Amino acid sequence: MPYHITKIELEGFRGFRNRKHLQLEQGLVIVYGPQRSGKSSILNAPVWALIGSEACKGTIGPITVRERIEWQERNIHAEACQVAIHLRGDDGDSLFIQRGPTRNHYVVQRNGAVVKQPPLGALRLTLDGLVSSVFLPQEVVRAVLSVEPSHRRAVFTQLVGLEDLRALEECFSNASETLGKLANQIAHSIQQIDAEIKGQVALQKKRFQEVSGKLRQRGLSDEALCPEGVHSLVSPCVQALMEFCTTYRLEPPKLPEVGAAEELPGFVNEVRTVLSRLEAGCPETQRQKELYGKRHILEGLLAEQQKIRNAREQIHCARQTIAGQHGTEEDLKQAIEEFEQTLREINEQIDRAGKYLRMIQEALLYFETLPEGTAEVECPVCRTARVNVAHLRLHLASEMEKAGLEPLRQRRQQIERLLREKQDALNQLAQLAEQEKKLEAEWKELVNKVSQMYGQPLAPNESLELVLKAMDEAAQAELKQLQGLLEARSKAIRKVQEELEVLGQVVQLHQEKRRLQMLDDIPNLPEYRALLGLQAHAELYIGLLSELKRALKKEIEQAFAVKFEDLKEKLNELYRRLLGRNDFPQIWIDADKWEVRTSAGDRETSLTRVFNVGDMTAVALCLFLASAMRASHDAGFLLLDDPIQCLDEAHELRLAEILAELAKQRQVVVSCSRSSFLQALQTAGTVRRQVIRLAPWDNSSCRLEAETPEA
Amino acid sequence: MKPSVLDEIVRFRQTRGEGPAGKFLQRLLALTLLKAGYPVAEEYTVEGPDLLVGQFQIEVKTTTEEPFTIQDKDAQDIQEATKKGKIPVLALLECSSFRGWTVVHAQGLTRGEYRRGELALRRIPELEKAVNEHFDVVVETWMPLLNANPNAAFDQMDQRRRMGQWAP
C-alpha cells in the first residue's frame, strides 16, 4: 500500500535552523529556489528520517551513506533537532516517522500508535530500494560522468538496486586492507630479520673463503674435512711429534684418535699441551734454565763484592785524611788530655779573676755609701783629677775586666774548639772501625756463598773476583754448547707447530662452516616459525577475503546483468522519450568496463566516451526512473534533487512531461533552481501540482519566500 | 630456503641478470620436482607453459617484485590449461630466508597484479612442501657447476632431466 508524504517537519536540520512545517500535496511537488536556499535540505529530510545508523553502509553516488549521514549530523544545529515526516496511505492509513538529533533515536507511529519497526521497514523498503527507486541525490548524476570506472560501477550498481552487495564488497575490501596492513607489518619484520641473516651469511661466507684460500695455498681443499681427509690431515702432525720424541729419546705421548672433523679442536689442543710439556721436561732445557739462573746469581755476587771493596776504599781514604790532620790515634788522645788540662787551668784563672772582681765591686759599693766629696781622687784610668765614686767605679771595673778576664776567655774558647776537633776525629775513627767490622762480616758471608757455589773453600790468597769471573765464564761456555742442541730441537718443535697451525686452520674452517650451518638454522627457530605462522594466518585470511571479493565481484556482475536485463526495455523507452528520438539505437551498460554502450550496425560503441554531460545525465536519470517504476515497496514518493543538471530546455520539457505522467501514479518531489524547468513542470500534463518557493539564503536560516526574514 | 642457498641465488642473480637467472631457476625447479619424485615431461618452450609435471601445468615466476603481475600471455596459458583438463599452477619464488617457493592453483586467475599473500588460499601444500624440501639440495649440488661454467651446466641440466636424473 503506497504512502505519500503529507507533511515534513524540520527543526535545526541543515539550513533549517527554526521549526518549519511543510505541507505536501499528492502529485507533483516542485521545490523551487535559488542555490543554497535549502532545496536539498527539504529533499534530504525524509531520507534522514528514514535511514539512520542501521543503514550506515553502502554508497549514494561517490560518497558513502555513512559520510552522508555524518555530514548531515555536522549540519544539525540544535540539540532539539527533529525531522519528522507524515505519510498517508492510499487506503487512508497514516504513518508518522520522527528522528531526533541522534541517528539512533527515532519514533514510528502507524495510525497514532507506536510500532516497533524501523522506518525503512515500515515502508517495506531496503537501502537498495531507497537509493535505487526513491531518492536521487545530485551526486549520483555527477558520478555517472566520472572517468573512474569504479565510480561508475558504484553508481550503476546502486541505480539497479545492488547497493547491499556493494556494501558487503566494501566491507571485504576494508577488512582485507586492515589485514593487509597487519600482514605488511609482519612481512616488514620478517624482511628485517631476513636482511640481517643475509648480511651475516655473506660475512660468514667471506670468512670461510678466506680460510679456505689459506688451506688451498697449502694444497688442501675443503674436502679435507671428510673422515678420510681428517685422518690424512692429522698424520703429518702425529709423525712430526713422534720424530721429535725419537730424536730426543722422549717417551711418545698418547694422542686421541681423530675420526671426524668435530674431534679436531680437541686433538689440536691436546698436541699443543703435549708439546709444551715435552719442551719443558727436556734436560737440556732444565740445564739451560739452571745456567741462566747461576749466571744471574754470579752477577749479583760480583756486584756485592765490588760494593764491599768500594766501601773499604772509602774507609781507608778517611783514615788517611784524619792521620794527615791529627796524627795517630795515640797523638789524638794525648792532645785531648793536654787540652783538657789547659782548659782546667784557664778555668781556675778565670775563677780567681772573678773573685778579685767581685772584691773590687764590693769595695766600690762601699765607696758609694760614702757622702759626696768624701774621697776626691784622681782617676787612674783617664787621669782626671777629683772624680767622684761613680766615675771611679766605672773606669776601674772596665779596666780590670779588660786586663784580666778577656784574654782568659778567648784562650778558653780556642782550647775548646781544638778539643772538639780532636774529639770529632777520634769519634770518626771509632765509626770507621765499626764500619770496617761490618764489612768484614759481609765479606766473610760472600766468601761462604762463593765457596758453596765453587764447591770448595777458597784459598786465603785466592781472589774472590777471579773465582766469580771464572765461574761465569764456565757457565757461558756450557750455554754455548747447549745452544746448538737447543736450536736443533727448536727446529723439530717448529715442524710440529707448523703442522699444528695447518690443523688449526682446518679447525677454524670447520668452525666457520658450523657457524654457517647455525645461520642456516635460524629461520627454523621456534620464535621465527611463530612469526611465520602469524603471517601465514594473516595471508590465509587475506586470501579468503580476496577469493570472496572475486566471487562477490562476479556475483555483482551477474546480478547486475539480470537486474539490468529487467530494466533495459524501460530504460530505453524512457531514454528515447527524453531524447525525443524514437529511432535512437538501444543502449546498455557493459558490466566489464562500466560503460554505456550501443550498437551501430554490427559494431559496438562506447557511448561513455562520446556522450556529453547532458547525455550521461539523461542515462542516469532514466535508469533511476526505470528502477523506480519497477519498484514494489510502499514508498509512494520519489525525491529527485535537481535532476536536470546539464540538460537543455528541450530535455527539460520532455523530462517535465515524464515526471508529470509519473506523478499520476505516485508523489514526485523534485527540486530545481532553473525557472525554465519550473515553467515546464508547471505546464506539463494534467496533474495536481504544488510549488514550494524558497527565499535566498540570508545567513541565518532557510525560509519560504512568503516569510519575512527574522530579525 | 636456507640462508646460504639464498645467498648463492642472490649472487647468481646479481652476476647473471634477472632473465638468464630465471631460466636457470626454472631448470632447478624442474630438477627439484624430479628429485621429489614427480614426472617432469615437457621440454621448455618459449610459447606455452614453463613446465608440465603430471597433471600440473606450471607457470614459473621468479620475479622479486611484490605485487607481481600476471600478464595476458600467462592468463591465456592458465585458461588453456583448464580447457585441456590440466591443473594450472603458479610457482612463485620468494627470495627470503623464511620462504622459498609458493605453489598455488592458478585456475580463475586473470590478468592483473597479485600479492603472494592473497593467494594463500590457493596453495597446493603437498607440491609446495615437496619443492621446498628438495630445492636447497638441488641448488647446493648444481651451484658450483653453475658458477664455474654456466653454459655447460645449462646443457647438462637439460640432459640430466631428460634422463630422469636430478644430479650432475
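The structure displayed is predicted, hence computed values, not measured ones. (Residues numbered from 1 in each chain as written. Chains lettered and ligands numbered in written order. Predicted model: local features only at pLDDT ≥ 70, side-chain atom pairs only at ≥ 80, totals over all residues. Heavy atoms only, no water.)

1. Some remarks on the overall build of chain B
Defined as follows: Comment: elements are numbered from the N terminus, with helices defined as DSSP H or I runs of at least four residues and strands as E runs of at least two. Between buried and exposed lies partly exposed: a residue is buried under 20% and exposed over 50% of the maximum accessible area for its type, with that area taken using a 1.4 Å probe on protein chains only. Any pair of residues with heavy atoms lying within 4.5 Å of one another is described as a contacting pair. Residue exposure ignores everything except the shown protein chains as possible cover, and the areas themselves are Shrake-Rupley values with a 1.4 Å probe.
Counting its secondary structure elements, chain B contains 5 helices and 6 strands. What you see in chain B, going N to C, is helices and strands ordered as α-α-β-β-β-α-β-β-β-α-α. In chain B, buried positions account for 52% of the 168 residues. When contacts within chain B are restricted to residue pairs at least 6 apart in sequence, long-range pairs at least 24 apart make up 65% of them. Carbon and sulfur atoms provide 48% of the accessible area of chain B, an area that totals close to 7,500 Å².

2. Focus: the confidence of the model for chain A
Residue and element names in this part refer to chain A. Which entries qualify depends on this criterion: The predictor's confidence in any single residue is recorded as pLDDT, a number from 0 to 100.
Of the residues in chain A, 90% have a pLDDT of 70 or more, and the chain-wide mean is 83. Per-element averaging of pLDDT across chain A places strand β4 (residues 59–60) at the bottom with 50 and strand β15 (residues 667–672) at the top with 95. The low-confidence segment residues 53–58 (pLDDT under 50) makes 21 contacts with residues lying over four places distant or belonging to another chain.

3. Quick look at the interface of chain A and chain B
As a reminder of what qualifies: Accessible area that two parts lose when put together, with a 1.4 Å probe and added across both, is what the buried area reports. Here, a salt bridge means any Lys or Arg side-chain nitrogen found within 4 Å of an Asp or Glu carboxyl oxygen. Here a polar contact is taken to be a pair of N or O atoms separated by no more than 3.5 Å, where protein atoms must pair a possible hydrogen donor with a possible acceptor and residues adjacent in sequence count only if both atoms sit in side chains. Each residue is assigned to one of three groups, with Ala, Val, Leu, Ile, Met, Phe, Trp, Tyr, Cys and Pro labelled nonpolar, Asp, Glu, Lys and Arg labelled charged, and all others, Gly among them, labelled polar.
Taken together, the 23 residues of chain A in the interface contact 21 residues of chain B. The junction of chain A with chain B conceals about 1,900 Å² of combined surface from both sides, 57% of it contributed by carbon and sulfur atoms. Joining chain A to chain B, the criterion identifies 5 salt bridges. Here Arg 99 of chain B makes a salt bridge to Glu 539 of chain A, at a shortest N to O gap of 2.7 Å. Linking chain A with chain B are 9 residue pairs in polar contact (both at pLDDT 80 or more). At the level of secondary structure, the elements contributing two or more residues to the side of chain A that touches chain B comprise α7 (163–217), α13 (464–521) and α14 (526–579) of chain A. Counting residues per element, the side of chain A that touches chain B draws most heavily on α14 of chain A, which supplies 11 residues. Looking at the side of chain A that touches chain B, its residues break down into 12 nonpolar, 4 polar and 7 charged.

4. Brief notes about a nonpolar patch on the surface
Worth spelling out the cut-off: What makes a patch is a set of residues exposed beyond 30% relative accessible area and free of salt bridges, joined within 9 Å when like-charged and within 5 Å when nonpolar (Val, Leu, Ile, Met, Phe, Trp, Tyr).
On the surface, a nonpolar cluster with roughly 420 Å² of combined accessible area is contributed by Leu 540, Tyr 541, Leu 544 and Leu 548 of chain A together with Leu 121 of chain B. Among the secondary structure elements, Leu 121 of chain B is positioned in the loop between β6 (112–114) and α4 (125–148). Assessed through its relative accessible area of 38%, Leu 121 of chain B is described here as partly exposed.

5. Re the pattern of salt bridges
Opposite charge on two side chains permits pairing when their charged atoms draw close. Tallying each qualifying case throughout the model produces 44 salt bridges over all chains. The salt bridge partner of Glu 9 of chain A is Lys 7 of chain A, with a shortest N-O separation of 3.7 Å. In this structure, Glu 9 of chain A and Lys 7 of chain A share a single accessibility class: buried. Close ionic contact of Arg 124 of chain A with Asp 634 of chain A constitutes a salt bridge, the shortest N to O distance being 3.1 Å. Of this pair, Arg 124 of chain A sits in the loop between α3 (119–122) and α4 (127–133) while Asp 634 of chain A sits in the loop between α16 (613–630) and β14 (637–640); the two residues are 510 residues apart in sequence, bridging distant segments of the chain. Classification of Arg 124 of chain A by relative accessible area gives exposed; the value is 52%. With a relative accessible area of 8%, Asp 634 of chain A lands in the buried category. Among the ionic contacts, a cluster of salt bridges with common partners joins Glu 539 of chain A together with Glu 94, Arg 99, Arg 123 and Glu 128 of chain B.

6. A word on the sheet that holds β14 of chain A
All names here are of chain A. Spelled out, the test is: Strand pairing requires that DSSP identify at least two bridges connecting the strands. Note on definitions: angles span 0 to 180 degrees between N-to-C directions of axes, and those axes are lines fitted to C-alpha atoms, for helices only across the stretch in contact.
Ordered in space as β10-β14-β15-β3-β16, the 5 strands form an open sheet in which the pairing is parallel. One side of each edge strand has no neighbouring strand; the edge strands of this open sheet are β10 (135–136) and β16 (689–693). In the packing of helix α1 (residues 39–50) onto the sheet, contacts are made with β3 (28–32), β10, β14 and β15, and the angle to β14 comes to roughly 130°.

7. Topic: the pairing of β16 of chain A
All names here are of chain A. Of the two faces of β16, only one is covered, namely that formed by Gln 690 and Ile 692; the face formed by Arg 689, Val 691 and Arg 693 stays uncovered. The pairing of β3 with β16 spans 5 bridges and is parallel. Opposite Leu 28, over in β16, you have Arg 689 as the bridge partner.

8. What about the environment of His 537 of chain A?
Residues and elements named next belong to chain A. Residue placement: His 537 occurs in helix α14. Taking the relative accessible area as the measure of exposure, His 537 reaches 48% and is therefore partly exposed. Spatially, the C-alpha atoms of His 537 and Ala 183 are 9.0 Å apart, while their sequence positions differ by 354 residues.

9. Quick notes on the sheet that holds strand β1 (residues 51–53) of chain B
Residues and elements named next belong to chain B. The 4 strands are arranged β1-β2-β4-β5 in an open sheet whose pairing can be described as mixed. The two strands at the open ends of the sheet, each matched to only one other strand, are β1 and β5 (101–105). This sheet shows a mean twist of 30° between the axes of neighbouring strands, independent of strand direction. Bridging between β1 and strand β2 (residues 56–61) involves 3 bridges; their strand directions are antiparallel. By the bridge assignment for β2, Val 53 is matched with Phe 56. Contacting β1, β2, β4 (87–93) and β5, helix α2 (residues 18–35) runs over the sheet at an angle of about 5° to β1. Strand contacts of α4: β2, β4 and β5, with the helix running at about 160° to β5, the strand carrying the most contacts.

10. Concerning the nonpolar core
Residues and elements named next belong to chain A. Basically, it comes down to this: In this text, buried Ala, Val, Leu, Ile, Met, Phe, Trp, Tyr and Cys residues form a nonpolar core when linked through side-chain atoms within 4.5 Å.
Formed by 69 residues in total, the largest nonpolar core has its most connected members in Leu 625, Leu 640 and Leu 659. The element contributing the most residues to this core is α14, with 14 residues. In this structure, Leu 640 is in contact with Leu 43, Leu 136, Leu 621, Phe 624, Leu 625, Leu 659, Val 668, Val 669, Val 670 and Ser 671, ignoring residues within four places of it in sequence. Formed by 41 residues, the second largest nonpolar core is a distinct cluster that contains Ala 49, Ile 51, Val 131 and Val 669.

11. Quick notes on the packing of aromatic side chains
What counts, and what does not: The criterion for an aromatic pair is that two Phe, Tyr or Trp rings (for Trp, the six-membered ring) have centres within 6.5 Å, with stacked assigned to planes under 30 degrees apart, edge-to-face to planes over 60 apart and tilted to the rest. Two limits define a charge over a ring: the Lys NZ or Arg CZ must be within 6 Å of the ring centre, and within 35 degrees of the ring normal.
Evaluation of the coordinates by the stated rule reveals 9 aromatic pairs over all chains. Judged by centre distance (6.2 Å) and plane angle (25°), the ring pair of Phe 13 of chain A and Trp 48 of chain A falls under stacked. Of this pair, Phe 13 of chain A sits in the loop between β1 (3–11) and β2 (20–23) while Trp 48 of chain A sits in helix α1, and the two are 35 residues apart along the sequence. Taken individually, Phe 13 of chain A and Trp 48 of chain A each receive the classification buried, so the pair is uniform in this respect. Each member of the aromatic cluster is reached from another via a ring pair, and the members are Phe 560, Phe 564 and Trp 594 of chain A. Over the ring of Trp 443 of chain A we find Arg 312 of chain A; its NZ or CZ atom is 5.1 Å from the centre of that ring. If you follow Lys 35 of chain B out to its NZ or CZ, it ends over the ring of Trp 166 of chain B, 5.0 Å from the centre.

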